[in-house]
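Results of the structural survey
These are the residues of each chain, in order.
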Amino acid sequence: MASLLVLSCISFLFIFPFTSSSSIPIRSDYEISLLFEGWLVKLNKSYKDASEKEKRYEIFKDNLWYIDEHNAGNHTFTLGLNIFADITVEEYRATYLGTLPPSPSIYMANDELLKIDESDNHYINVTTTPDSIDWRDLGAVTPVKNQGGCYSCWAFATLATLEAINQINTGNLITLSEQQLVDCAKKSCDEGHYIHETYEYIINNGGVDTDEDYPYIDKAAKCDTTKENKKTVSIDDYKLATQENEFALKAVVAKQPAAVIVEAYERNFQLYKKGIFTSYCGTKVDHAVTIVGYDTASSIDYWIIKNSWGDFWGEAGYMRLERNIKAISGKCGVALYPYYPIQNSTNENPRETKFK
């Protein structure tokens, strides 16, 4: 009977989530405990001892209260008991956020280093861009991955753009190795890394190995130089696209996915479940993600963001982030540091993009 109740809670929680503009549920301790046990089963998760479980249960209860209160309001997005439901916002920030923007000194030291794209008409001609595009539908996006407790979002965001441009040019979708970047480029999981330095490493190394050959292990290890020398996919260059200009960013994404940095600091970002994220967020960017498309729904423009927190966060690992807001930085600073790789086509007849 107990197992049946747990399964019922799982079904209720994950198939029929609360929608906006409803009353705040009044939950008994028994109901909350069933939701918690169902959540643990869903994630196949356990704790080291009873004390830790009780601590996580109390945090879960607090997050559930916050989710219920939000979802009872009139919002364009809902929150849910995702992968982060048993951690505090402080733990979330300390464990999963850490990417930083490029240092201003880089611009002064070498104007060419970041290759700022201010004159490439191929990308900044916004009049020819389609109204929507989703590179997932066009076969250029690999499945969502999970960075775990390693500060490696920069590696996932960067490689997603390489996987995409290589598929666009060759027709082959190859999943690449974030572990190589963690071990050989950064050599650490302890802090964030710069996206432009990641591109520089890939170019200087002559490419990057596959994830199948050099799999991700959620921690830094000694660089495997043998695998580092297996240069399955390479790029010729990269650019920092026109900054603080969402229309120019749209023109880039119409041609290929782009790596960006956002501020994911708020609790709403942590517990995001579905819908178009229109919540307040600032520009102290701390997390790297990949824009894999854009569209409009209910008169709200949005970016399609691929994250690296597994498919039990957001919309199966994705977020729809509000686009074309008044601030030139974009929602959560998305337009501040947009990067994309350059790869000379190795296919004589590259597949032409079929826009919606």
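Let us look at the structure shown here. (Residues numbered from 1 in each chain as written. Predicted model: local features only at pLDDT ≥ 70, side-chain atom pairs only at ≥ 80, totals over all residues. Heavy atoms only, no water.)

Turning next to the packing of helix 8 (residues 178-186) against helix 9 (residues 195-205). Running from N to C, helix 8 and helix 9 cross one another at 90 degrees; their axes reach a closest spacing of 11 Å. Relative to helix 9, helix 8 is oriented roughly perpendicular. Counted together, Gln 180, Leu 181, Cys 184 and Ala 185 of helix 8 and Thr 198, Tyr 201, Ile 202 and Asn 205 of helix 9 form the full contact between these two elements. Across the contact of helix 8 with helix 9, the residue classes break down as 5 nonpolar, 3 polar and no charged. (Axes fitted to C-alpha atoms, helices over the stretch in contact; angles between N-to-C directions. Helix = DSSP H or I, 4+ residues; strand = E, 2+ residues; numbered from the N terminus. Parallel < 35°, antiparallel > 145°, perpendicular 65-115°, else oblique. Contact = heavy atoms within 4.5 Å. Nonpolar A, V, L, I, M, F, W, Y, C, P; charged D, E, K, R; others polar.)

Tallied over the full model, the rule gives 3 disulfides. There is a disulfide in this structure between Cys 150 and Cys 189, and the S-S distance comes to 1.9 Å. Across the S-S bond linking Cys 150 and Cys 189, the dihedral sits near -90 degrees, which makes this disulfide left-handed. Residue Cys 150 is found in the loop between strand 3 (133-134) and helix 7 (153-170), and its partner Cys 189 is found in the loop between helix 8 and helix 9; the two are separated by 39 residues along the sequence. Neither Cys 150 nor Cys 189 differs from the other in exposure class; each is buried. (Disulfide = S-S within 2.5 Å. Buried < 20%, exposed > 50% of the residue type's maximum accessible area, 1.4 Å probe, protein only.)

Moving on, we come to helix 8. The buried count for helix 8 comes to 8 of 9 residues, which makes it a mostly enclosed element. By the burial criterion, the buried members of helix 8 are Glu 178, Gln 179, Gln 180, Leu 181, Val 182, Asp 183, Cys 184 and Lys 186. Of the residues one or two after helix 8, Lys 187 is the one with positive phi, at around 65 degrees.

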